[in-house]
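Given next are the chains, with one letter for each unit.
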Amino acid sequence: MAEMVPEVSTGILVKNLYLSCDPYMRPRMQKLEGSYVESFKPGSPIYGYGVAKVLDSGHTRFNKGDLIWGMTGWEEYTLITTPQSLLSLFKIQHTDVPPSYYTGILGMPGMTAYAGFYEVCSPKFGEYVYVSAASGAVGQLVGQFAKLLGCYVVGSAGSKDKVDLLKNKFKFDEAFNYKEEEDLNAALKRYFPEGIDIYFENVGGKMLDAVLLNMRARGRIAVCGMISQYNLDKPEGVYNLTTLISKGIRMEGFLVPDYYHLYPKYLEMIIPHIKEGKIVYVEDVAEGLESAPSALIGLFSGRNVGKQVVAVAHY
Ligand code: NDP
């Protein structure tokens, strides 16, 4: 029987420009049970968020020459044909900002920071906010959003350069290198003598345990991710969960696709902030498709400084 070849008439053919390296891609490399995403298929190109140019379209929503962001393949060209994949694509309207930003501040990580902070954390002026993995794609934005609201913000990151970035570029009130702290509980007490109102959780494990001991009554923890756990066969134990009861803390996980209906509202807020320099964004761009595997792996040792992007071709 002849092999079924998908036709452009049922979808779009795109040239991939920028690929996004994201931590959630790691769990997709194993067998997943009860997950909202599927495992990658051995022998097929892996896929993830990216920015691409439409070369040919058989779909009414897209025209030749359009720029899009959404799910695409880790390859030079991708034929996107399934209704589900096509529905998940966003057409890029604002082209007077760097197109690679649609892998970060104007794409999935930006929406994650926005929804996680404003919708999940219920933040208020003057509250004490702590962000882990704070210099990364999501964290750098959460800290800046919290500063815009008038919160006191502390971030942690894994190197001196990243700590400098947090304090000097993103204007966090304080920042520390968690790798240099023997006692995370003591470190948090030093930066939050009155406790933490909001914890934006990106790493999990020991950090979460220490944060639980330092939360204030009625505090909120937005569980965005737990990158310290993704490479472990068995997740690390978290022992201080009873503080949720005694202090009336709300801990809530969330997935960014559930908030994509807010994307137009987010763009309305963020584009002027970028143009006026009120929000800055740092990217770490690896050149060429061949650099993609090491760029992705680098997320798990903190090699990236800012949002990790792979430039397959420049716009
Ligand atoms: P980053 O750009 O922050 O890159 C990952 C960073 O995590 C590394 O640079 C490193 O920074 C840190 N890290 C790596 N390993 C560890 C470890 N063992 N312990 C502590 N820190 C570690 O990634 P993103 O901003 O894209 O993602 C941040 C989090 O948000 C992740 O947990 C991710 O899964 C989650 N996420 C969740 C979404 C959702 O819908 N809920 C959507 C998008 C992201 P350092 O040098 O500081 O250690």
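Residues numbered from 1 in each chain as written. Predicted model: local features only at pLDDT ≥ 70, side-chain atom pairs only at ≥ 80, totals over all residues. Heavy atoms only, no water.

With an unreviewed UniProt entry as reference, the protein chain is termed Enoyl reductase (ER) domain-containing protein, source organism Dipteronia dyeriana.

## Some words on the overall build of the protein chain
The secondary structure content of the protein chain amounts to 9 helices and 13 strands. Taking 315 residues into account, the globule formula puts the C-alpha radius of gyration at 20 Å, and the protein chain, at 20 Å, falls close to it. C-alpha atoms of the protein chain, sized along the principal axes, occupy 65 × 45 × 35 Å. Among the 315 residues that make up the protein chain, the fraction classed as buried is 51%. Sequence-distant contacts, at least 24 apart, represent 69% of the contacts inside the protein chain between residues at least 6 apart. For the protein chain, the accessible surface area stands at approximately 15100 Å², while carbon and sulfur atoms represent 55% of it. Positive and negative side-chain charges in the protein chain, numbering 31 and 34 respectively, have mean positions lying 3 Å apart. (Helix = DSSP H or I, 4+ residues; strand = E, 2+ residues; numbered from the N terminus. Rg over C-alpha atoms; globule rule 2.2 N^0.38 Å. Buried < 20%, exposed > 50% of the residue type's maximum accessible area, 1.4 Å probe, protein only. Contact = heavy atoms within 4.5 Å. Areas by Shrake-Rupley, 256 points an atom, 1.4 Å probe, with all protein chains shown as cover. Lys, Arg positive; Asp, Glu negative; His and termini not counted. Charge placed at Lys NZ, Arg CZ, Asp CG, Glu CD.)

## Some remarks on the pairing of strand E1 (residues 12-20)
When you tally the buried positions in E1, you get 7 out of 9 residues, the bulk of the element. As paired elements, E1 and strand E2 (residues 47-57) share 7 bridges and run antiparallel to each other. Among the inter-strand pairings, Tyr-18 is bridged to a residue of E2, identified as Val-51. Pairing of E1 with strand E4 (residues 77-80), which is carried by 4 bridges, proceeds in the antiparallel orientation. In the strand pairing of E4, Ile-12 is matched with Ile-80. Pairing of E1 with strand E13 (residues 307-311), which is carried by 3 bridges, proceeds in the antiparallel orientation. Opposite Tyr-18, over in E13, you have Ala-311 as the bridge partner. (Pairing = 2+ DSSP bridges.)

## A word on the site of the ligand
As a matter of local geometry, the ligand sits amid 26 residues, with Lys-162, Tyr-178, Tyr-230, Val-256 and Asn-304 nearest to it. In the environment of the ligand, an oxygen atom lies 2.9 Å from a nitrogen or oxygen atom belonging to the backbone of Ala-137. Take Tyr-230: an N or O atom from its side chain is 2.7 Å from an oxygen atom of the ligand. Across the complex, the protein chains shield 90% of the 920 Å² of accessible surface that the ligand would expose by itself. The class makeup of the residues in the shell around the ligand is 17 nonpolar, 8 polar and 1 charged. (Near = heavy atom within 4 Å. Polar contact = N/O pair within 3.5 Å; in protein donor to acceptor, adjacent residues only side chain to side chain. Nonpolar A, V, L, I, M, F, W, Y, C, P; charged D, E, K, R; others polar.)

## As for the side chain of Glu-181
Within the secondary structure, Glu-181 is located in the loop between strand E8 (174-177) and helix H5 (184-191). For Glu-181, the contacting residues outside a window of four places in its chain are Phe-176, Ala-187 and Arg-190.

## A look at the nonpolar core
With 73 residues, the main nonpolar core has Trp-69, Ile-105, Leu-106, Phe-145, Tyr-266 and Ile-270 as its most contacted residues. With 20 residues, the next largest nonpolar core counts Phe-176, Phe-192, Val-211 and Ile-221 among its residues. (Core = buried A, V, L, I, M, F, W, Y, C linked by side-chain atoms within 4.5 Å.)

## Observations regarding the sheet that holds strand E10 (residues 215-223)
Strand order across the open sheet formed by 6 strands is E8-E7-E6-E9-E10-E11, with parallel pairing between neighbours. Strands with a single pairing partner mark the edges of an open sheet, and in this sheet they are E8 and strand E11 (250-253). Neighbour to neighbour, the strand axes of the sheet diverge by 15° on average, direction disregarded. By the bridge criterion, 5 bridges tie strand E9 (residues 196-201) to E10 in an arrangement that is parallel. Bridge pairing links Phe-200 to Ala-222 in E10. Of the strands in this sheet, strand E6 (128-131), E9, E10 and E11 touch helix H2 (residues 108-120), which is tilted by about 150° from E9. Sitting on the sheet, helix H3 (residues 139-148) is in contact with E6, strand E7 (152-157) and E9, with an inclination near 170° to E6. (Axes fitted to C-alpha atoms, helices over the stretch in contact; angles between N-to-C directions.)

## Some words on unusual backbone geometry
A positive phi angle, close to 45°, is found at Ser-122, a residue other than glycine. Looking at the element boundaries, Ser-122 is found in the loop between H2 and E6. Residue class for Ser-122 comes out partly exposed when judged on its relative accessible area of 33%. For Ala-133, which is not a glycine, the phi torsion comes out positive at approximately 45°.

## What about H3?
Of all 10 residues making up H3, 8 are buried, and the element is well covered by its neighbours. Buried within H3 we find Gly-139, Gln-140, Leu-141, Val-142, Gly-143, Gln-144, Phe-145 and Ala-146. Buried residues along H3 sit in contact with H2, E6, E7, E9, helix H8 (263-275) and E13. The positive-phi residue at the C-terminal boundary of H3 is Gly-150, with phi of around 90°.

## Re the environment of Lys-169
Within the element layout of this structure, Lys-169 appears in helix H4 (residues 160-169). Once the C-alpha coordinates of Lys-169 and Gln-144 are considered, the two residues, 25 residues apart in sequence, prove to be 9.9 Å apart. When sequence neighbours within four positions are dropped, the list of residues in contact with Lys-169 reads Asp-164, Val-280 and Val-282.

## Brief notes about the pairing of strand E12 (residues 283-287)
Inspection of the sheet shows E12 paired to E13 by 5 bridges, in the parallel sense. Residue pairing in the sheet places Glu-283 in a bridge with Lys-307 of E13. Note on the crossover from E12 through helix H9 (residues 292-298) to E13: the handedness is right-handed. (Right-handed = clockwise from strand over helix to strand, strands pointing away.)

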